[in-house]
Amino acid sequence: GALVYQYPRRTICKSGTSMRMECQAVGFQATSVAWYRQSPQKTFELIALSTVNSAIKYEQNFTQEKFPISHPNLSFSSMTVLNAYLEDRGLYLCGARSGYEQYFGPGTRLTVL
Amino acid sequence: QQQVRQSPQSLTVWEGETAILNCSYEDSTFNYFPWYQQFPGEGPALLISISSVSDKKEDGRFTIFFNKREKKLSLHITDSQPGDSATYFCAASGQGGSAKLIFGEGTKLTVSS
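Criteria and thresholds
Residues numbered from 1 in each chain as written. Chains lettered and ligands numbered in written order. Predicted model: local features only at pLDDT ≥ 70, side-chain atom pairs only at ≥ 80, totals over all residues. Heavy atoms only, no water. Contact = heavy atoms within 4.5 Å. Buried area = accessible area lost by both parts, 1.4 Å probe. Salt bridge = Lys/Arg side-chain N within 4 Å of Asp/Glu carboxyl O. Pairing = 2+ DSSP bridges. Helix = DSSP H or I, 4+ residues; strand = E, 2+ residues; numbered from the N terminus. Axes fitted to C-alpha atoms, helices over the stretch in contact; angles between N-to-C directions. Core = buried A, V, L, I, M, F, W, Y, C linked by side-chain atoms within 4.5 Å. Buried < 20%, exposed > 50% of the residue type's maximum accessible area, 1.4 Å probe, protein only. Polar contact = N/O pair within 3.5 Å; in protein donor to acceptor, adjacent residues only side chain to side chain.

On to the interface of chain B and chain A, then. Taken together, the contact between chain B and chain A spans 21 residues of the former and 21 residues of the latter. When chain B packs against chain A, close to 1,600 Å² is buried across both sides, 56% of that on carbon and sulfur atoms. Linking chain B with chain A are 1 salt bridge. The shortest N-O distance in the salt bridge between Glu59(A) and Lys100(B) comes to 2.8 Å.

All names here are of chain B. Spatial strand order, E1-E3-E8-E7-E6: 5 strands in an open sheet with antiparallel pairing. Either end of the sheet is taken by a strand with one partner, and the two such strands are strand E1 (4–7) and strand E6 (56–59). The average angle at which neighbouring strand axes cross in this sheet is 15°, direction not considered. As paired strands, E6 and strand E7 (residues 62–67) are joined by 4 bridges and run antiparallel to one another. Within E7, the position partnered with Lys57 by the bridge is Ile64.

A few words now on the environment of Cys90(B). Residues and elements named next belong to chain B. Tracing the sequence through the fold places Cys90 in strand E9 (residues 86–92). Separated by 10 residues in sequence, Cys90 and Ser80 have C-alpha atoms that sit 18 Å apart. For Cys90, the residues in contact, after removing those within four places along its chain, are Val4, Gln6, Cys23, Pro34, Trp35, Leu73, Ile102, Phe103 and Gly104.

A few words now on the nonpolar core. Among the nonpolar cores identified, the biggest contains 26 residues, and Trp35(B), Leu73(B), Leu75(B) and Tyr88(B) are the most heavily contacted of them. Of all elements in the fold, only strand E2 (10–14), strand E3 (19–25), strand E4 (32–38), strand E5 (45–51), E7, strand E8 (72–77), E9 and strand E11 (107–112) of chain B reach the threshold of two or more residues within this core. If near-sequence neighbours (up to four positions away) are discounted, Tyr88(B) is found in contact with Gln6(B), Leu21(B), Trp35(B), Tyr36(B), Gln37(B), Leu47(B), Phe62(B), Leu75(B), Ile77(B), Gly106(B), Thr107(B) and Leu109(B). If you look at the next biggest cluster of nonpolar residues, it comprises 24 residues, including Val33(A), Phe62(A), Cys94(A) and Leu110(A).

Residues and elements named next belong to chain A. Tracing the sequence through the fold places Ser77 in strand E8 (residues 76–81). At 3.4 Å, the side chain of Ser77 forms a polar contact with the backbone oxygen of Ser70. Non-local contacts of Ser77, meaning those with residues more than four positions away in its chain, are made with Met21, Glu22, Cys23, Val33, Trp35, Ile69, Ser70 and His71.

So, on to the sheet that holds strand E3 (residues 19–26) of chain A. Residues and elements named next belong to chain A. Across the sheet, 4 strands lie side by side as E1-E3-E8-E7; this open sheet has antiparallel pairing. Each of the sheet's edge strands pairs with one partner strand only, and the pair in question is strand E1 (3–7) and strand E7 (69–70). Sheet topology places E7 next to E8; 2 bridges connect them, and they run antiparallel. Within E8, the residue paired with Ser70 across the bridge is Ser78.

Before going further, it helps to spend a moment on the environment of Val81(A). Residues and elements named next belong to chain A. Looking at the element boundaries, Val81 is found in strand E8. Classification of Val81 by relative accessible area gives buried; the value is 0%. Considering only alpha carbons, one finds Val81 and Ser54, 27 residues apart in sequence, at a separation of 22 Å. Residues in contact with Val81, not counting those within four places in the same chain, are Thr17, Ser18, Met19, Met21, Lys66, Phe67, Asp88, Tyr92 and Leu110.

We now examine the pattern of salt bridges. Residue and element names in this part refer to chain A. In the structure shown here, the tally under the stated rule is 7 salt bridges over all chains. For Glu45, the salt bridge is made with Arg37, and the minimal N-O distance between the two is 3.2 Å. Just as Glu45 is buried, Arg37 falls in that class too. The partner of Lys66 in a salt bridge is Asp88, with the nearest N and O atoms 2.8 Å apart. Residue Lys66 is found in the loop between strand E6 (57–58) and E7, and its partner Asp88 is found in the loop between E8 and strand E9 (90–98); the two are separated by 22 residues along the sequence. Linked through salt bridges whose partners overlap, the residues forming this network are Arg37, Glu45, Lys66 and Asp88.

Okay, here's the thing in structure tokens:
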């Protein structure tokens, strides 16, 4: 079956520092990978969408300078939150898509102190 | 502007009853509508989905009813069980497997025994 792994599951970082999170699709070829942030106030915010053979597209309010993403192959993607502050707290979800269906990992919960 | 809306925000039903969760959307180009189930501390899991060419999709106790003219859909959970208690998200996307998913704000379902 289609599985998406994310690690770490949770992380704590000091304000102003950076942290990297990873996503791996297992059991299927992901034609696109989307990174979301889920918070109680804003449900699912799409950060960026990475599609095979296309550049990574960032949504409004999210930039490559703040959330650089690496997507070297169909199965693996990583994203870094640079210079994290309190407003960056939340559950970061990776969604890997095969055809129309998008499968999510368990998320990386980021706490910023 | 919220492109996908869900109601109610929260819903409580008794075990064995049918829970009805509603969703509406704005963009007439949306043609794929998945529902996700999310338990606390976990990522959203794809539950059931429907394309705009169908008006009904059934999978066990879960059924989607879709009304393209009114841009509305609903998820019916028959014979609700306490284990169905979770937050349910309606989502929508447009043409192509790489199109981004737009999520509603979720309905928190509680099934009481």
